[in-house]
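Listed below are the residues making up each chain.
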Amino acid sequence: MSTKANYKLDEIGAGKVGFSKTRSIIEAAYYGNNVVKVNTLKEAYNLAKNSPGTIVTDMPVYHGEEFGLDADAKVLLFNDGAVTGRYAAARRIKGEPGVDDTKLDKVVMDAIYKTRFKKLYHATCYVGLDPEFMAKAHLLIPEGEENLLYNWMLNFQYMSDEYVKMYKKSKPIGDGKEPDIYIFSDPQWVPTESPDVDYSCLSDPLTLCYFDTEQNCAAILGMKYFGEHKKGTLTMAWALANRNGYASCHGGQKEYSLEGGKKFVASVYGLSGSGKSTLTHAKHGGKYDAFGGIKVLHDDAFIINTDTCASVALEPTYFDKTADYPTGCPDNQYLLTVQNCSATMDEDGKIQLVTEDIRNGNGRALKSKLWSPNRVDKIDAPVNAIFWIMKDPTIPPVVKLKGAALASVMGATLATKTSTAERVAAGTDMNALRIVPYANPFRTYPLVNDYVKFKKLVEEKNVDCYIVNTGDFMGTKCKPADTLGILETIVEGKAKFEKWGNFDDIEIMYDWSGKTADFKPNMDDPEYIAALKSAMQNRVEAVKGFSEKKDGYDKLPDEALAALEKLVNSL
């Protein structure tokens, strides 16, 4: 599927597809005489390499020619300053209650006007890596931000000959009613007093991430962190997919090949730092290689066709933390670019990276597709199981959810802890549990849309649903060996789930491969029961909150609340 870039004269005008006020403000900027088109990765690399402040390391880009780079390309390092994480508070979504798009549109108009004396770069790429779903995306960004431009083109699919041909063969998304994605970004923007501009519409006084996802456009102002541009682009692709029959997924997916030619497709959902990347890329000691091994779709962004249950990756590369990859680590040969890390000179006088979050938290790198040798862009086999990754100390390492309403609402009330990938207000308790529906804080459409999509997968497509706890269970750490062993036991069809306490709709598994401790919950312990009941009640309150906040914008069906209240009553 493809998006619409060009229009016949009778398709242009007020009220027609692709011509909302916000989109008209943003798209016009692309045609200014101060705009320079960047067509290839080589161009983007040279711009970034020569951009002030860039650190050109002596680490070669492994097989850079395969990505459209020169053979002598080096890994580039660029540091953003004090901000090294995403900032959800800056997001404003057109159409949500309380969002004043009239004022926000004027903020964007003024921001674009103030770039008229700057050179602007225009880059284009694809989001979605299979003819079933490919959206064309455009980024407009000022001179001086060449590293953001280069990272964006690397993160998504640059317009290689292969993918241009693929795109031309794909069918239009939404019968031609979905326009290309347009993003205007000015990281150097600072709000200054201007006639007819009222900044009271901003949720943060110095930054803005403004989305008109119905018309596939956005403005990112005052935000230097690359993650805002990556997730900002994905935000619109996920919304576009949601409108066209897909479940939008912030998670990882892999396909296991098993004895007898069987396949098992597992999807894991969790925030950065939850373990979703580790689980997605785990090779399980090669135990499945004899049957065809493991195929990885992606570890962060994909979509599931809710009719066929096939899945499509949205990005070719990986935006991964560098904390666990020290200098000299073999995995570092797959680095393309690095952000918010340090550098030093080795004994041979060569510039090397200093990782491990010594300089700051959430050091990041873009890794090439080659990091995962078993990588695919589409999994045709239908998804078999959904795993909600939580860090809730009252939930055992694994439980199985029965009933489509409970399975979906547990995803809608996914409980986890804040990670270093996020910029949060001073004083925030990083260990406090918070609810992040479907582990996706980038949603720009009503929550019920995701609820219905995931419920359909369980109810109509017979997808199993589990919760895995990758944190600790009442003080006992759930180690990676436990989570991987749980996955293996389920995938191989050896899992034995049984009734858990008084619950009718949750089953528990007590034994799995590689178990590291006794995690059996003591249902006779009043302290544990009180903690578990409190955790479930928090979910009840969250769902009630969805129906009250933002004028009920995220209200879920009554059945969702009833499924959770049944759990509380069971306790």
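Here, every reference points to the structure presented above.
This text gives an overview of the structure that appears in the document. Because the structure is a prediction, the values reported are computed rather than measured.

### Things to note about the packing of helix H11 (residues 526-548) against helix H12 (residues 558-570)
Here is step 1: H12 packs onto H11 with a crossing angle of 160° between their chain directions and a minimal axis gap of 9 Å. With respect to H12, the element H11 is oriented roughly antiparallel. You can see that H11 and H12 cross each other, and the crossing is left-handed. Two secondary-structure elements touch here, H11 through Lys533, Met536, Gln537, Arg539, Val540, Val543 and Lys544 and H12 through Leu561, Leu564, Glu565, Leu567 and Val568.
Here is step 2: In the contact of H11 with H12, the residues fall into seven nonpolar, one polar and four charged.

### Here we look at the sheet that holds strand E17 (residues 335-339)
Here is step 1: Judged by pairing direction, the sheet is mixed, and its five strands sit side by side in the order E2-E3-E17-E20-E16 without closing on themselves. Two strands bound the open sheet, and with one partner strand each, they are strand E2 (55-60) and strand E16 (318-321). If you compare each strand with its neighbour and ignore which way they point, the axes differ by 25° on average.

### Concerning the side chain of Asp377
Here is step 1: Looking at where Asp377 falls in the secondary structure, it is placed in the loop between strand E20 (364-367) and strand E21 (378-379).
Here is step 2: Engagement of the side chain of Asp377 in a polar contact is seen with the side chain of Tyr163, the distance being 2.9 Å.
Here is step 3: Engagement of the side chain of Asp377 in a polar contact is seen with the side chain of Lys369, the distance being 3.0 Å.
Here is step 4: For Asp377, the residues in contact, after removing those within four places along its chain, are Leu129, Tyr163, Leu297, Ser311, Val312, Ala313 and Lys369.

### Observations regarding the pairing of strand E18 (residues 342-345)
Here is step 1: Judged from the four bridges that link them, E18 and strand E19 (residues 351-354) form a sheet pairing that is antiparallel. Among the inter-strand pairings, Thr344 is bridged to a residue of E19, identified as Gln352.
Here is step 2: Counted along the chain from E18 to the antiparallel partner E19, the turn is five residues long, and its residue Gly349 has a positive phi close to 80°.

### What to know about the environment of Gly403
Here is step 1: The residue Gly403 is located in the loop between strand E23 (398-401) and helix H8 (404-412) in this model.
Here is step 2: For the pair Gly403 and Asp505, spaced 102 residues apart in the sequence, the C-alpha separation amounts to 6.7 Å.

### Focus on helix H9 (residues 447-459)
Here is step 1: End to end, H9 covers 18 Å across 13 residues, agreeing with the expected 18 Å (1.5 Å per residue, within 8%).
Here is step 2: Residues Leu447, Asp450, Tyr451, Lys453, Phe454, Lys455, Leu457 and Val458 constitute the buried set of H9.

### Concerning the state of the cysteines
Here is step 1: Under the counting rule described, the total for this entry stands at zero disulfides.
Here is step 2: The thiol sulfur of Cys217 is not disulfide-bonded, and the nearest other cysteine sulfur, from Cys209, lies at 12 Å.
Here is step 3: Of all cysteine sulfurs, the one in Cys329 lies closest to Cys341, which takes part in no disulfide; the gap is 13 Å.

### Here we look at the environment of Leu487
Here is step 1: Locating Leu487 in the fold gives a position in helix H10 (residues 480-491).
Here is step 2: Those residues in contact with Leu487 that lie beyond four places of it in its chain are Tyr256, Leu279, His284 and Phe387.

### Digging into the packing of H8 against H12
Here is step 1: Between H8 and H12, the shortest axis-to-axis distance is 9 Å and the interhelical angle comes to 90°. In terms of orientation, H8 lies roughly perpendicular with respect to H12. Counted together, Ala405, Leu406, Val409 and Met410 of H8 and Glu559, Ala560, Ala563, Leu564 and Leu567 of H12 form the full contact between these two elements.
Here is step 2: Each residue belonging to the contact of H8 with H12 can be placed in one class, and the counts come to eight nonpolar, no polar and one charged.

Basis of the calculations
- All residue numbers refer to positions counted from 1 along the written sequence of the respective chain.
- At least 70 in pLDDT is required for a residue's local features to be given in this predicted model, at least 80 for side-chain atom pairs to be given and counted, and no such filter applies to totals for whole chains, interfaces and linings, which use all residues.
- Hydrogen atoms and water are omitted, and side-chain values are computed over all heavy atoms in the structure.
- Note on definitions: angles span 0 to 180 degrees between N-to-C directions of axes, and those axes are lines fitted to C-alpha atoms, for helices only across the stretch in contact.
- By definition, any uninterrupted DSSP run of H or I lasting at least four residues is a helix, any uninterrupted run of E lasting at least two residues is a strand, and each is numbered from the N terminus.
- Each angle gets one of four labels, with under 35 degrees taken as roughly parallel, over 145 as roughly antiparallel, 65 to 115 as roughly perpendicular, and the rest as oblique.
- Left-handed is the label given to a crossing in which the near helix is rotated counterclockwise from the far helix by less than a right angle, and right-handed is the label when the rotation is clockwise.
- The contact criterion used throughout is that any non-hydrogen atoms of two residues lie within 4.5 Å.
- Three classes are used: nonpolar for Ala, Val, Leu, Ile, Met, Phe, Trp, Tyr, Cys and Pro, charged for Asp, Glu, Lys and Arg, and polar for all others, with Gly counted as polar.
- Here, strands pair whenever DSSP counts at least two bridges between them.
- Any N or O atom pair separated by 3.5 Å or less is treated as a polar contact, with the protein-specific requirement of one donor-capable and one acceptor-capable atom, and with residues adjacent in sequence counted only for side-chain atom pairs.
- A helix is expected to span 1.5 Å for every residue after the first.
- Classification of residues uses two cut-offs on accessible area relative to the type maximum, computed with a 1.4 Å probe and protein chains only: under 20% is buried, over 50% is exposed, and between them is partly exposed.
- Two cysteine sulfur atoms make up a disulfide if the distance between them is within 2.5 Å.

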